[in-house]
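Residue-level structure breakdown
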Amino acid sequence: MPTSPLLARARTTVSPPVPPSLSRQQAAVAAVFALDGAVFGSWAARVPDVAAVVGAGHSALGVALLCLSIGALAAMQVTGALCARLGAGVVTTLGAFLLSVSVVLPGLATSMPGLCAALLVFGAATGTVNVAANAVGVTVEGRLGRPLLSGLHAGFSFGGLAGALLGGLLATVAGVAAHLVLVGALGLLVTAWVARALAGADGPRSATPGRPREADRSRPTAVLVVLGAVAGCTAFGEGALSDWGALHLREQLGAPTALAAAGYAGFSLAMACGRLAGARLVAALGERRLLAGGTVLAAAGGVAALTATTVPTALGGFVLVGLGLANVFPLAISRAGLLGGARGIALATTVGYTGLLGGPPLIGLLAEHAGLPAALATVPLLALVATVLALSVAGDALRVPVTPRGLVAAVAPRVQPLVSGFGHGTAVYVRELRVLDPAA
């Protein structure tokens, strides 16, 4: 049957859009990580001021921060399913929009109930972005065929550094509300810039979106929970220092407002630098040494920061914590993404961010009874717990051999995905390499 010229012209005109390049996708997801960090760092720098406005003591502030945690963890429960149905890029864009709007709410609160409600919404936006952006990062990392997630988390840390520094500077000249409105406006601009690239990162949607992928049908739940626990023990330290670090420097060592904000800024800078060097560190040390050595270093830094009698010594301790914890969380989430797809990331991230988001309110409750330094002592303690957990899933038996690229196709029919935990070396990032099954 001949095709009419009008129909042929319409088919030519309405061609499918060209997907954004990998470099554009990488830049977009990196911008979201940086935005997430900047928003979180800005909030962290103004926690003491927000607490003063609403008249919250340690215990009351801990309850308010618990609302942030509840909102984030509740959102994480559904974000994995939303990513599988709508696409992680679309969900990331929506989450970034909500994050940029909701960061303003804590600055507008004038009472404890208002602050709790504001942090509940802010936490939900934070949880959505954290899961969805990690899912996009794992997808783009797989397309690039090289390590990416540590670098993306470095973007979060650099964003946190910028947010904390800006917050410290603006604390001397601007109120909390004006500061957070500025942060939210900048966030909306970033969201508008990355929206198209993030949508393109999802690729073509399946004709049967409700059908789960193989990775989602078969998930090693126990291993994902352990990976999440490793991430959670170390994320506890990040959450503790973000929300309580400035207060510790101000109350215990008498640091002025701007200098107190430098505690989280130094922590974020050290973490960012450690993550930028993450791929090289894994190649040089192997995951076992990097994970165990990093958590031990973080524990030592936490002890130094808490026992310091001068501000420079405490700041140095914060730097050591940042260096030690730098690569633990992204390594754990990357492995979870390989094992369970978007839903696996959601499960491990939910467990992991329980430490990040649940730590601050727990420290607030402990500080009310035992004092802030004693409450913050849980940071080095849980870093050592992470050491034990990481070693339990990173034995030599789980090593992934580095196979020459030319041999991958030849051995592919006999390859089985035997690795269920952390391995050694850079090969854990190479998606097509697996341990050969002797029985094959």
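What UniProt records for the protein under Subcellular location (unreviewed entry) is the sentence "Cell membrane".

1. Structural notes on the overall build of the protein
Helix and strand counts for the protein stand at 18 helices and zero strands. Burial status across the protein gives 53% buried among its 440 residues. For the protein, the accessible surface area stands at approximately 17600 Å², while carbon and sulfur atoms represent 69% of it.

2. Remarks on the nonpolar core
The biggest cluster of nonpolar side chains holds 101 residues, and the ones touching the most others in it are Trp 43, Leu 119, Phe 122, Trp 244 and Ile 363. Residue-level mapping places this core at the junction of two domains, with at least three residues from each of domain 1 (21–203) and domain 2 (216–398). In terms of nonpolar packing, the next biggest core, distinct from the first, is built from seven residues, Val 282, Leu 291, Leu 331 and Ala 390 among them.

3. Brief notes about the packing of helix H2 (residues 22–54) against helix H7 (residues 149–170)
Viewed as axis vectors pointing N to C, H2 and H7 meet at an angle of 35 degrees, and their least axial separation amounts to 6 Å. Judged by the twist between their axes, the crossing of H2 over H7 is right-handed.

4. As for a nonpolar patch on the surface
Together, Leu 66, Ile 70, Leu 105, Leu 108, Leu 120 and Val 121 make up a nonpolar patch on the protein surface, roughly 490 Å² of accessible area in all. Residue assignment for the nonpolar patch shows that the elements contributing at least two residues are helix H3 (58–86), helix H5 (105–108) and helix H6 (112–144). The topology assignment puts Leu 66 in helix H3.

5. Focus: helix H10 (residues 221–253)
Taking 1.5 Å per residue, 33 residues should reach 48 Å; H10 reaches 44 Å between its end C-alpha atoms and fits that length. At Trp 244, H10 shows its strongest bend, of approximately 55 degrees. Buried residues dominate H10, accounting for 24 of its 33 residues. Phi turns positive one or two residues past the end of H10, at Gly 254, with a value near 70 degrees.

6. Regarding the confidence of the model for the protein
Here the protein averages 76 in pLDDT, and 79% of its residues register 70 or above. Averaged pLDDT values over the elements of the protein bottom out at 35 in helix H18 (residues 405–411) and peak at 94 in helix H4 (residues 88–102). Here residues 206–218 is a poorly scored stretch, pLDDT under 50, and it has 14 contacts once near neighbours within four places are set aside; other chains count. Every residue in residues 394–440 scores below 50 in pLDDT, and together they form 81 contacts with partners more than four places removed in sequence or on other chains.

7. So, the side chain of Ser 100
Tracing the chain through its elements places Ser 100 in helix H4. A polar atom in the side chain of Ser 100 sits 3.4 Å from the backbone oxygen of Gly 187. Not counting the four nearest positions on each side in its chain, Ser 100 is found in contact with Leu 35, Gly 184, Gly 187, Leu 188 and Thr 191.

8. A look at the packing of aromatic side chains
Enumeration over the complete set of coordinates arrives at one aromatic pair. Look at Trp 43 and Phe 122: their rings are 6.3 Å apart centre to centre, the planes differ by 70 degrees, and that puts the pair in the edge-to-face class. Residue Trp 43 is located in helix H2, and its partner Phe 122 is located in helix H6; the two are separated by 79 residues in the primary sequence. Judged by its relative accessible area of 0%, Phe 122 is buried. Positioned above the aromatic ring of Trp 193, the side-chain terminus of Arg 24 is 5.0 Å from the ring centre.

9. Comments concerning the environment of Ala 109
Tracing the backbone through its elements, the reader meets Ala 109 in the loop between H5 and H6. For the pair Ala 109 and Val 50, spaced 59 residues apart in the sequence, the C-alpha separation amounts to 8.0 Å. Each residue touching Ala 109, except ones within four places of it in the same chain, is listed here: Val 53, Val 54, Gly 114 and Leu 115.

10. Description of the environment of Val 351
Tracing the sequence through the fold places Val 351 in helix H15 (residues 328–370). Spatially, the C-alpha atom of Val 351 lies 8.9 Å from that of Leu 224, the residues being 127 residues apart in sequence.

11. Observations concerning the environment of Gln 252
Note on placement: Gln 252 falls in helix H10. Separated by 57 residues in sequence, Gln 252 and Thr 309 have C-alpha atoms that sit 8.6 Å apart. Discounting residues that sit within four places of it in the chain, Gln 252 has contacts with Leu 247, Leu 372 and Pro 373.

12. Examining the state of the cysteines
All chains considered together, the criterion is met by zero disulfides. Unpaired in this structure, Cys 116 has its nearest cysteine sulfur neighbour in Cys 67, at a distance of 3.8 Å.

13. Re the packing of helix H13 (residues 287–307) against helix H17 (residues 378–392)
Close contact between H13 and H17 brings their axes to 8 Å; oriented N to C, the two are set at 170 degrees. By the criterion of interaxial angle, the relationship of H13 to H17 is roughly antiparallel. Residues Arg 288, Leu 291, Ala 292, Thr 295, Val 296, Ala 298, Ala 299, Gly 302, Val 303 and Leu 306 of H13 pack against Pro 380, Ala 383, Leu 384, Ala 386, Thr 387, Ala 390 and Leu 391 of H17. Among the residues forming the contact of H13 with H17, the class breakdown is 13 nonpolar, three polar and one charged.

Calculation notes
Residues numbered from 1 in each chain as written. Predicted model: local features only at pLDDT ≥ 70, side-chain atom pairs only at ≥ 80, totals over all residues. Heavy atoms only, no water. UniProt positions renumbered as here; feature names shortened; annotations may be inferred. Helix = DSSP H or I, 4+ residues; strand = E, 2+ residues; numbered from the N terminus. Buried < 20%, exposed > 50% of the residue type's maximum accessible area, 1.4 Å probe, protein only. Areas by Shrake-Rupley, 256 points an atom, 1.4 Å probe, with all protein chains shown as cover. Core = buried A, V, L, I, M, F, W, Y, C linked by side-chain atoms within 4.5 Å. Domains from an automatic or database assignment. Axes fitted to C-alpha atoms, helices over the stretch in contact; angles between N-to-C directions. Left-handed = near helix turned anticlockwise from the far one by under 90°. Patch = residues over 30% accessible without salt bridge, like charges linked within 9 Å, V, L, I, M, F, W, Y side chains within 5 Å. Salt bridge = Lys/Arg side-chain N within 4 Å of Asp/Glu carboxyl O. Expected span 1.5 Å × (residues − 1). Bend = angle between axes of the 7 residues up to and from the residue. pLDDT = per-residue confidence, 0-100. Contact = heavy atoms within 4.5 Å. Polar contact = N/O pair within 3.5 Å; in protein donor to acceptor, adjacent residues only side chain to side chain. Phe/Tyr/Trp six-rings, centres within 6.5 Å; stacked < 30°, edge-to-face > 60°. Lys NZ or Arg CZ within 6 Å of the ring centre and 35° of its normal. Disulfide = S-S within 2.5 Å. Parallel < 35°, antiparallel > 145°, perpendicular 65-115°, else oblique. Nonpolar A, V, L, I, M, F, W, Y, C, P; charged D, E, K, R; others polar.

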